[in-house]
Amino acid sequence: MSNIWNNLPRDHYVSLAPWCWVQLESAEAPGPFPFVAGVAREVVASLQEAHQLLASSIDTAISDVFSKRAPLDDPDRRRRLEDAYAELVNSRPYLSRYIHCGRQPDGSFRWEFPTDPAKSSTVTNGGLRIFHSVKRQAIPIGFDQRPLGPMVGKLLGMLDGTHRTEEIKTVVISSPREAQPVLTRLMESLHQYECLRSSPQTSIRQRWFDVVQDRDTVHLGHAALLYRQQDNIFLFDPWLLPWFAESSVPSLWGSLLPKPAAIFLTHDHDDHVDPRTLLHLPKETPIIVPSRRNRKKLHYDYLSLLRELGFGHVVELAHGETWPFEGGTVVSVPFYGEDPCDLEMPRNCYLISDRGHNILIHADSGPTNDGRSALKDDVIKRLVDKYGPIPLLFASQQQLLEVRSHAAHAALSHPGKWLDVGENGYLTNAYLAELCAAAQAKLFVSYATGGAEWYPDHLSFMFSRRNPARTALLTAHWEPPENLKALLAPHACGYHYAQALELYRETGDGRVEVRSTGEALAPLTLYRAVHGEPPFMKQGDRA
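Residues numbered from 1 in each chain as written. Predicted model: local features only at pLDDT ≥ 70, side-chain atom pairs only at ≥ 80, totals over all residues. Heavy atoms only, no water.

S.K.: I keep staring at the nonpolar core and nothing clicks. Help me out?
M.R.: In summary, soluble globular proteins display a tendency toward joint burial of nonpolar side chains. Ranked by size, the top nonpolar core spans 87 residues in total, and within it Leu 186, Met 187, Leu 190 and Trp 208 carry the most contacts. Each residue touching Trp 208, except ones within four places of it in the same chain, is listed here: Val 218, Leu 220, Leu 226, Leu 252, Leu 256, Leu 257, Pro 258, Leu 501, Leu 521 and Leu 526. In this structure, Tyr 227, Val 331, Ala 439 and Phe 444 belong to the second largest nonpolar core, which totals 56 residues. (Core = buried A, V, L, I, M, F, W, Y, C linked by side-chain atoms within 4.5 Å. Buried < 20%, exposed > 50% of the residue type's maximum accessible area, 1.4 Å probe, protein only. Contact = heavy atoms within 4.5 Å.)

The structure is reproduced here in structure tokens:
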């Protein structure tokens, strides 16, 4: 038997050091859009190649506009783009096998590709890699052609500081025969490269509960929220990062959070569904996702992704359905707009209704290109009629407008629209003010644009206080976000721009106050409370 179990204190709680993490690695190229369902993998690959082959021509067309060689509103641009696409596809039999396009006798443009609700561009992982950000190490472990991703995910989910060595050992030695060697080697490598921490007590949960009261909400950074419901913790769109993975400051990582009773995901973008974060969270946790019942044609294959990561309890919540808990419920609310809005993939916002206290997690939802929204379709009105006023509202305040060709899922959109402006998170102050008025909100919280120094700053929607010049470049033509304050004032609604580890608490008179948690919930403070000084820091050093 491996010596790993003799090297770890038998009765200690074991966790992954917050500066270490594991990433699963695919045995083959994951394809252009992994986990997009409703269409076969080879069809998606053909659509993507057609888009890539035209990319340089599209860039030239955009340059012509900027150089003033071409007018901004050229009426013939769409037709030329469609004809160029058809010429390219029809000259390549391997593309025209799946993509059917061309000019019709009446002048309209035909563009079709086969869909199949049973198909998906899934990923099966063939190995993993352990990362140690302090030592700059990357340790690979192969699976020898065995599909072991779910077993690895289950094991990693146990390394959150709530399980003792003996519990983890039992899971490893009772796993299927083909999985035992890889899981044992993973534990041995984590120990060998000093990626494991152990403690005779598990106190992270109590540290949080000393600060966070029942019905409090805490911003964890970007779109990640933590809600305390009595003695339970709910997580929404968790995007956590290991220490020093993206910046030089300690960050929130899985073992520094209390174990969640449920996880809710709003939509399929990487900053809301982060596989690395989810891989390290406890796998017995129910995880609530948008339902396939709300799809039009394509949908994100949450089930395949989450099963590959090791989750066993995935709940699909269709619009209007609820996830009940003692004293209340979480309601699935329709999500509108954002790239790629013309695909209409199913997405959710969520209303927390807890003993008369309501919170709307609106995320990146906003008006679509054709004008539909939660306001126009009376979604907010119906929520208020049924559950009462919504004092606290979290929403993105982005004003991103991108040429569709540069959007993530452009290849799945009609080629004639590639040089149109696509919906990519354009939320005006006027819309948000009207949203708050309809919800009867007392506090609007602008979030999902960073709010923590540990997030990467190369993304167009991520803003940091450490690079104000870059923020000014990106937002030079935005409507000033702070102007929303004046629009909210007539509705007796306040405005706040969220920063990580702020706490939101409803007061007795129905208002919502913002509280700083100070150092109490800072990542380094939480680590020190359980494990003492990090081994790579000198006594008394501050990060």
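From this point on, the discussion continues.
S.K.: Can you walk me through the packing of aromatic side chains in this structure?
M.R.: By convention here, two paired aromatic rings are described through the distance between centres and the angle between planes. In this structure the tally under the stated criterion is 24 aromatic pairs. Judged by centre distance (5.7 Å) and plane angle (85°), the rings of Phe 234 and Trp 323 are edge-to-face. With Phe 234 in strand β12 (residues 232–236) and Trp 323 in strand β17 (residues 322–325), the pair connects residues that are 89 residues apart, well separated along the chain. The residues Phe 234 and Trp 323 share a single accessibility class, namely buried. Site record: aromatic cluster; members linked through ring pairs are Tyr 227, Phe 234, Phe 236, Phe 264, Trp 323, Phe 325 and Tyr 350. The ring of Phe 209 is capped by Arg 228, whose NZ or CZ atom sits 3.8 Å from the centre of that ring. (Phe/Tyr/Trp six-rings, centres within 6.5 Å; stacked < 30°, edge-to-face > 60°. Helix = DSSP H or I, 4+ residues; strand = E, 2+ residues; numbered from the N terminus. Lys NZ or Arg CZ within 6 Å of the ring centre and 35° of its normal.)

S.K.: Help me understand the packing of helix α6 (residues 165–173) against helix α7 (residues 180–192) in this model?
M.R.: Between two packed helices, both the angle of their axes relative to each other and the distance between the axes serve to describe the pair. Following both chains from N to C, one finds α6 and α7 inclined at 150°, their axes separated by 9 Å at the closest point. Compared by their axis directions, α6 and α7 come out roughly antiparallel. In this structure, α6 uses Ile 168, Val 172 and Ile 173 to contact α7, whose residues at the interface are Gln 180, Leu 183, Thr 184 and Met 187. (Axes fitted to C-alpha atoms, helices over the stretch in contact; angles between N-to-C directions. Parallel < 35°, antiparallel > 145°, perpendicular 65-115°, else oblique.)

S.K.: How should the sheet that holds strand β25 (residues 494–497) be read in this particular structure?
M.R.: The pairing of strands in a sheet comes from backbone hydrogen bonds and takes either a parallel or an antiparallel form. The strand order β17-β18-β19-β20-β21-β24-β25 describes an open sheet built from 7 strands, whose pairing is mixed. Strands at the two margins of the open sheet, each flanked by one partner only, are β17 and β25. Direction aside, the axes of adjacent strands within the sheet are offset by 15° on average. In the sheet, strand β24 (residues 443–447) pairs with β25 via 4 bridges, with the strands oriented parallel. (Pairing = 2+ DSSP bridges.)

S.K.: Would you mind going over the pattern of salt bridges with me for this structure?
M.R.: Two side chains carrying opposite charge are able to pair once their charged atoms lie near each other. Applying the stated criterion across every chain, the model contains 26 salt bridges. Among the salt bridges present, the one from Asp 354 reaches Arg 355, with a minimum N-O distance of 2.7 Å. The exposure class of Arg 355 is partly exposed, given its relative accessible area of 35%. A cluster of three or more residues bridged by salt bridges with shared partners is formed by Arg 78, Glu 82, Asp 83 and Arg 103. (Salt bridge = Lys/Arg side-chain N within 4 Å of Asp/Glu carboxyl O.)

S.K.: What is the right way to look at the sheet that holds strand β6 (residues 125–132) in this model?
M.R.: Strand order in the open sheet made by the 3 strands is β2-β6-β7, with antiparallel pairing throughout. In this open sheet, the two strands that pair with only one neighbour each are β2 (20–26) and β7 (137–142). Within this sheet the neighbouring strands show an average axis-to-axis angle of 25°, counted without direction. Relative to β6, β2 is paired through 7 bridges, and the arrangement is antiparallel. From the neighbouring strand, Glu 25 faces β6, where its bridge partner is Gly 127.

S.K.: It is not clear to me how helix α15 (residues 523–531) should be interpreted in this structure. Could you clarify?
M.R.: Each α-helix winds once per 3.6 residues, and so residues spaced three or four apart point in a common direction. For α15, the full list of buried residues reads Pro 523, Leu 524, Leu 526, Tyr 527, Arg 528 and Val 530. Each element contacted by the buried residues of α15 is listed here: β9 (196–199) and α8 (204–209). Looking at the residues trailing α15, positive phi occurs at Gly 532, about 80°.

S.K.: Explain the pairing of strand β10 (residues 217–221) to me, please; I cannot follow it from the model alone.
M.R.: In regular strands, side chains alternate between the two faces of the sheet. Burial analysis of β10 places 5 of its 5 residues in the buried class, which makes it a mostly covered element. Across 4 bridges, β10 lies against strand β11 (residues 224–229) in antiparallel orientation. Counted as the bridge partner of Gly 221 is Ala 224 from β11. Adjacent in sequence and paired antiparallel, β10 and β11 are bridged by 2 residues, among which His 222 carries a positive phi angle near 50°.

S.K.: Mind showing me how you'd approach a nonpolar patch on the surface here?
M.R.: On the surface, a cluster of nonpolar side chains totalling about 260 Å² of accessible area is made up of Leu 401, Val 421 and Tyr 426. Tracing the backbone shows Tyr 426 in strand β23 (residues 421–426). Using a relative accessible area of 34% as the deciding quantity, one classes Tyr 426 as partly exposed. (Patch = residues over 30% accessible without salt bridge, like charges linked within 9 Å, V, L, I, M, F, W, Y side chains within 5 Å. Areas by Shrake-Rupley, 256 points an atom, 1.4 Å probe, with all protein chains shown as cover.)

S.K.: Please clarify how the environment of Tyr 94 should be interpreted in this entry.
M.R.: Tracing the sequence through the fold places Tyr 94 in helix α4 (residues 93–96). When the C-alpha atoms of Tyr 94 and Ser 46 are compared, they prove to be 7.9 Å apart, with 48 residues separating the residues in sequence. With sequence-adjacent residues up to four places away left out, Tyr 94 is seen in contact with Ser 46, Glu 49 and Leu 53. A distance of 2.7 Å separates the side chain of Tyr 94 from the side chain of Glu 49, its partner in a polar contact. (Polar contact = N/O pair within 3.5 Å; in protein donor to acceptor, adjacent residues only side chain to side chain.)

S.K.: Sorry, what's going on with the packing of helix α2 (residues 41–66) against helix α3 (residues 77–90) here?
M.R.: Packing of α2 against α3 brings their axes to within 10 Å, and their N-to-C directions diverge by 145°. Like other packed secondary-structure pairs, α2 and α3 cross with a definite hand, here right-handed. Side by side, α2 and α3 meet where Leu 47, Ala 50, Leu 53, Leu 54, Ile 58 and Val 65 of the first sit next to Arg 77, Leu 81, Ala 84, Tyr 85, Leu 88 and Val 89 of the second. For the contact of α2 with α3, a count of residues per class yields 11 nonpolar, no polar and 1 charged. (Left-handed = near helix turned anticlockwise from the far one by under 90°. Nonpolar A, V, L, I, M, F, W, Y, C, P; charged D, E, K, R; others polar.)

S.K.: It is not clear to me how unusual backbone geometry should be interpreted in this structure. Could you clarify?
M.R.: Negative phi characterises most residues that are not glycine, and trans characterises most peptide bonds. Residue Asp 237 is not a glycine yet carries a positive backbone phi of 45°. Position of Asp 237 among the secondary structure elements: in the loop between β12 and β13 (262–264). Despite not being glycine, Asp 378 has its phi angle at roughly 60°, a positive value. Residue placement: Asp 378 occurs in the loop between β20 (357–363) and α11 (379–387).

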